[in-house]
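Structural characterization, general
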Amino acid sequence: MRVAPKAPIFNLFNDNNPYSTIMYSHCPVITLSNNVQLQKVKHILLPIDNSENTRQKLPIACNIATHFNATIHMLAICEEKQGEQKIKMKNYAEQSKRFIEEKGVPATYEVVLGKNVCSTVLEYETKSRADLIIVTADEDTSMFIESCFEKVIRKSTIPVMS
């Protein structure tokens, strides 16, 4: 699905909004923003946190990585430089890495400091060699406030699966 830059306000009131399609889809959707093209997928960027949504996307990411013979690079975003939250994220990243490797998929992870998840993902995308980002569609979208997943889809320079 191709996504144009943020739609004018009148487009937000109809159901042809691409973000509505993504939210209500029963299968993963790959979105290509602007002139982005889907190339060979060898490296998948998977932002993670300790939410249920992250747990749900791990098996999907494994299936996609297996299909393309790709490596999953997890980005564990933490708001604390040190402390309990960082320890929890590191432990969760380790558990996720083991889960992915048990499925026969190579995996890496990095725990990074970031207060703004969207900006952190977009900055890391630039540094990484990722060919695809896998995100979870937020339920907290509204007509007037752009959600994190909408921002990543719109600003990413590589395809985004949600």
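Provided above is the structure to which this section pertains.
The rules behind the values
Residues numbered from 1 in each chain as written. Predicted model: local features only at pLDDT ≥ 70, side-chain atom pairs only at ≥ 80, totals over all residues. Heavy atoms only, no water. Salt bridge = Lys/Arg side-chain N within 4 Å of Asp/Glu carboxyl O. Helix = DSSP H or I, 4+ residues; strand = E, 2+ residues; numbered from the N terminus. Buried < 20%, exposed > 50% of the residue type's maximum accessible area, 1.4 Å probe, protein only. Pairing = 2+ DSSP bridges.

1. Overview of the pattern of salt bridges
With the rule as written, the count across this model stands at three salt bridges. In this structure, Lys-97 and Glu-101 form a salt bridge, with 3.1 Å as the shortest nitrogen-oxygen distance. Taken as a pair, Lys-97 and Glu-101 lie in helix α3 (residues 84-102) at a separation of four residues, close to a single helical turn. Its relative accessible area of 22% is what places Lys-97 among the partly exposed residues.

2. So, the pairing of strand β4 (residues 71-78)
For β4, a buried count of eight out of eight residues is recorded, marking the element as mostly surrounded by other parts of the structure. On β4, burial covers both faces: Thr-71, His-73, Leu-75 and Ile-77 on one face and Ile-72, Met-74, Ala-76 and Cys-78 on the other are all buried. For β4 and strand β5 (residues 107-113), the ladder comprises seven bridges, and the chain directions are parallel. Each bridged residue has a counterpart across the sheet, and for Ala-76 the counterpart in β5 is Val-111.

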